[in-house]
Amino acid sequence: MHPRRPDHGLIHCAICARAVDPVRAPLVRAVGADLFALCSEGCARRFDRGERAEPEEKRESTRTSRVASFAARFPEADIPFSPLITAGIAFLLSPFSERTPSLAAFAALLITISALDLLIRVLSVKLPRPGLALASLGVLLYAIYAHAQLDVVGWKGLIGASVASLTVSGRLILWIHVNHPLEVSLEQLGRDDKLKRSTMQLRDAPRGRLAKITRLSRALVLIGLAASGVLAALALFLHRADAATGLHTIAAILLALPLLAPPSLSERALLEGTLALLRRGTHFTSPLAFERLGQSSHAVFQLHGTLTQRKPELVGIHALEGEDPRAILKAAGIAESAAPTHPLSLATREACSREKISLGSARRARAIVGQGILAIDNEGEEIIVGNRSLLLEEGVSIALAESIAESVEARGDTAVFVAIGKRIRGVLAFHYAIREGAPESIAALTDLDVDATIISGDHRMAAAELARQLGVRHLRAEIGGDAREEELRRLEESASPIVIIEHREASSSLIAASDGGPLTMLIGARPEEDEAAILVESSSPESAAEAWRLAKGLRNSIVRAGLVIALIGIPNLIFAAFFDLPPFATAVVALGVELFAHQTGGEHAIAAQLSGTSYKTSERPT
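1. Some remarks on the pattern of salt bridges
(1) Moving on: A full pass over the atoms with the stated rule returns 21 salt bridges.
(2) Moving on: Of the charged contacts in the structure, one is a salt bridge between Glu350 and Lys311, with a shortest N-O distance of 2.5 Å. Placement of Glu350 in helix H15 (residues 343-354) and of Lys311 in the loop between helix H13 (303-307) and strand E7 (313-319) is noted, with a sequence separation of 39 residues between them.
(3) Moving on: On the basis of relative accessibility, which here comes to 35%, the residue Glu350 falls in the partly exposed class.
(4) Moving on: Classification of Lys311 by relative accessible area gives partly exposed; the value is 35%.
(5) Moving on: A single network of salt bridges, built from pairs that share partners, joins Arg476, Glu486, Glu487 and Arg490.

See below:
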């Protein structure tokens, strides 16, 4: 090394974990106070989409051996190479065993050792024991049959038994290959204090919060075990006069069922999906919430604060003829002191500050939720600031200002009437800017066949214009206070299941108004503080569409793979029981079904779904 060249060691690319010189990294991204080195433009694009590599998963750049690289991915996993080796040796010896009894016995012994090795491993570690244990027994019976019938089936029987052993070993390795990294990811994320709560909720979800597909898959495994037992007993009964044929059929039955596929489809796939989104800042309280999101096809939005910015801007003071706009603004500012944190109050008082209008104090100020404010100023004048219903209830005619309010609302702005001394004086126009990414998120949900409904307390004309700009077809306007709970109940009855989506900054909470039945998603949330089924750290509504897209895509993949299991796995068992299929053939079919199921909803499939978003994805905030 050059004596003047600084040596800071090597760091790893934030995406592919390749070793990079930190001083001479081709690309660097800054997120908050953190700098991330990237080794190529491709990794930079993946980084910008929100992908990240966990530090503990980074591989050393000096690894060259494929076997060493494969084994290094699972430092704590017991990769069963020994069953593969013993079965592989038996496979090589089998063609020469027909004329050499001792060689045939040795090959059968190797297959038996391989089967017992598999059985011991399955029973000693946390694996789907029933399916693999039965398959190991099937290999053992196949080896006994092949050796006992050597003079009838010849070396081909030993070849078939060794292939069956290799297949079952492959099924075990496949399970470890896809599940051990998942367990490592859970452990790594659990060490992050910010993510610890979420990972514990996913790992230790009680039975009542497990996904229904998980409970169904476990039931299917039990049903499959029972079916295998019944068919094996039936085969034993039907072939009681021919023990060899019965042994052959039972081995085929035990090797036929792809019993690893259902848990792979449900538990692993759902957990992979929730972890993928967790890395991007979307927290699920349980796998059930992720499953329900994939099943839902109706989103209900709180308008202001979620699809629009929380705080509006005062864009117009429309005074009636002969009235002073500054006096109207001052009266509104005095009255709004009764609700100092309300978005309209903040906007009004900011406008007074810009206009350098000094505000006195209000007496007997009273805020009426969803309608407005009643107050009395220092001169004893009664001030009413609010919507139509409040002024009419207080006996104030708004006929002179109605046309002004309608023109304001036609632009999508909120019209607030101001009356002083029981006489209407003018209308204030407030503009709610649409939140960045809101129209794109609605469009993305529409592409997913998800209907969106807005619930708003605004006048119908103003809310309808905002809904048009956002691309939302369904609107429930002029609904505030206790009426929201009843409206949500009606929506549940007509479009269940529904998902309530609101921002943490929303001016009023639909989640609080719900009865706990709908699925709830809070955007801009603080997972350590807020409570909802789905918590999204990002402030962009696009994150909701991203989570929904993955949940629906994963659910569709699970359905497709479930059909493969039903259309191939079950007939494979039936043919094994009644049509005298070779056991190695049923074992190969079972491996194929499990391989397909493992790929469905796996890490790479989920990454492909997330990278295929057609709208700008939101980065997890730092």
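2. Digging into the sheet that holds strand E11 (residues 414-420)
(1) Moving on: Judged by pairing direction, the sheet is antiparallel, and its 6 strands sit side by side in the order E7-E12-E11-E10-E9-E8 without closing on themselves. Strand pairing shows two members of the sheet lacking a second neighbour, E7 and strand E8 (363-368), which therefore form its edges. Within this sheet the neighbouring strands show an average axis-to-axis angle of 15°, counted without direction.
(2) Moving on: Pairing geometry for strand E10 (residues 382-386) and E11, over 4 bridges, is antiparallel. When the sheet's bridge partners are listed, Ile383 is paired in E11 with Ile420.

3. A short note on the confidence of the model for the protein
(1) Moving on: Looking at the protein as a whole, the pLDDT averages 80, with 82% of positions reaching at least 70.
(2) Moving on: Ranking the elements of the protein by mean pLDDT puts helix H2 (residues 66-72) last, at 42, and strand E12 (residues 423-431) first, at 94.
(3) Moving on: Here residues 1-8 scores under 50 on pLDDT; set against residues more than four positions off or in separate chains, the count is 6 contacts.
(4) Moving on: A low-confidence stretch, residues 54-77 stays under pLDDT 50, and its non-local contacts, those more than four residues away or across chains, total 35 contacts.

4. A word on helix H10 (residues 243-256)
(1) Moving on: With 14 residues, H10 extends 20 Å between its outermost C-alpha atoms, agreeing within 8% with the 20 Å of an ideal straight helix rising 1.5 Å per residue.
(2) Moving on: For H10, a buried count of 11 out of 14 residues is recorded, marking the element as mostly surrounded by other parts of the structure.
(3) Moving on: Those residues of H10 that fall on the buried side of the exposure criterion are Ala244, Gly246, His248, Thr249, Ile250, Ala251, Ala252, Ile253, Leu254, Leu255 and Ala256.

5. Considerations on unusual backbone geometry
What you tend to see is this: most non-glycine residues have negative phi, and most peptide bonds are trans.
(1) Moving on: Notably, Lys356 is not glycine yet its phi reads approximately 55°, a positive angle.
(2) Moving on: Assignment of secondary structure puts Lys356 in the loop between H15 and E8.

6. Here we look at the packing of helix H9 (residues 212-238) against helix H22 (residues 542-578)
(1) Moving on: The N-to-C vectors of H9 and H22 enclose an angle of 10°; their axes lie 11 Å apart at closest approach. The orientation of H9 relative to H22 falls into the category roughly parallel. On H22, the residues touching Ile213, Ala227, Ser228, Leu231 and Leu234 of H9 are Ile558, Leu573, Ala577 and Phe578.
(2) Moving on: Along the lines of polarity and charge, the residues of the contact of H9 with H22 split into 8 nonpolar, 1 polar and no charged.

7. Topic: the sheet that holds strand E15 (residues 499-503)
Backbone-to-backbone hydrogen bonds join strands into a sheet, with any given pair of strands oriented parallel or antiparallel.
(1) Moving on: Read from one edge to the other, the open sheet built from 7 strands follows the order E5-E17-E16-E15-E6-E13-E14, with strand pairing classed as mixed. A single partner strand is all that each edge strand has here, and the edge strands are strand E5 (282-284) and strand E14 (474-476). For this sheet the average axis-to-axis angle between neighbouring strands, irrespective of direction, equals 20°.
(2) Moving on: Here E5 runs beside strand E17 (residues 534-536); their pairing, made up of 3 bridges, is antiparallel. From the neighbouring strand, Thr282 faces E17, where its bridge partner is Val536.
(3) Moving on: Those strands touched by H22 are E5, strand E6 (298-302), E15, strand E16 (519-523) and E17, and its axis lies near 150° from that of E15.

8. Here's the deal with the environment of Ala566
(1) Moving on: By the element assignment, Ala566 lies in helix H22.
(2) Moving on: Under the relative-accessibility criterion, Ala566 is labelled partly exposed at 35%.
(3) Moving on: Taking C-alpha positions, Ala566 is 9.9 Å from Val593, a pair spaced 27 residues apart along the chain.

9. Digging into the packing of aromatic side chains
(1) Moving on: Here the structure, examined in full by the defined rule, presents 2 aromatic pairs.
(2) Moving on: Judged by centre distance (5.2 Å) and plane angle (70°), the rings of Phe284 and Phe290 are edge-to-face. The two residues Phe284 and Phe290 agree in class, both being buried.
(3) Moving on: Ring plane angle 55° and centroid distance 5.0 Å describe the contact between Phe575 and Phe579, whose orientation is recorded as tilted.

10. Comments concerning the nonpolar core
(1) Moving on: With 52 residues, the main nonpolar core has Phe284, Leu293, Phe301, Ile454 and Ile501 as its most contacted residues.
(2) Moving on: When residues no more than four places from it in sequence are discounted, the contact partners of Leu293 are Phe284, Val499, Leu519, Met521, Ile534, Ala547, Trp548 and Ala551.
(3) Moving on: Core analysis: the next-biggest nonpolar cluster, separate from the first, contains 32 residues, Ala90, Val122, Ala135 and Val139 among them.

11. Some thoughts on the packing of H10 against H22
(1) Moving on: Running from N to C, H10 and H22 cross one another at 175°; their axes reach a closest spacing of 8 Å. The angle between H10 and H22 falls in the class roughly antiparallel. On H22, the residues that touch Thr249, Ala252, Ile253 and Ala256 of H10 are Asn572, Leu573, Ala576 and Ala577.
(2) Moving on: Classifying every residue of the contact of H10 with H22 by side-chain character gives 6 nonpolar, 2 polar and no charged.

Each value, and the rule that gives it
Residues numbered from 1 in each chain as written. Predicted model: local features only at pLDDT ≥ 70, side-chain atom pairs only at ≥ 80, totals over all residues. Heavy atoms only, no water. Salt bridge = Lys/Arg side-chain N within 4 Å of Asp/Glu carboxyl O. Helix = DSSP H or I, 4+ residues; strand = E, 2+ residues; numbered from the N terminus. Buried < 20%, exposed > 50% of the residue type's maximum accessible area, 1.4 Å probe, protein only. Pairing = 2+ DSSP bridges. Axes fitted to C-alpha atoms, helices over the stretch in contact; angles between N-to-C directions. pLDDT = per-residue confidence, 0-100. Contact = heavy atoms within 4.5 Å. Expected span 1.5 Å × (residues − 1). Parallel < 35°, antiparallel > 145°, perpendicular 65-115°, else oblique. Nonpolar A, V, L, I, M, F, W, Y, C, P; charged D, E, K, R; others polar. Phe/Tyr/Trp six-rings, centres within 6.5 Å; stacked < 30°, edge-to-face > 60°. Core = buried A, V, L, I, M, F, W, Y, C linked by side-chain atoms within 4.5 Å.

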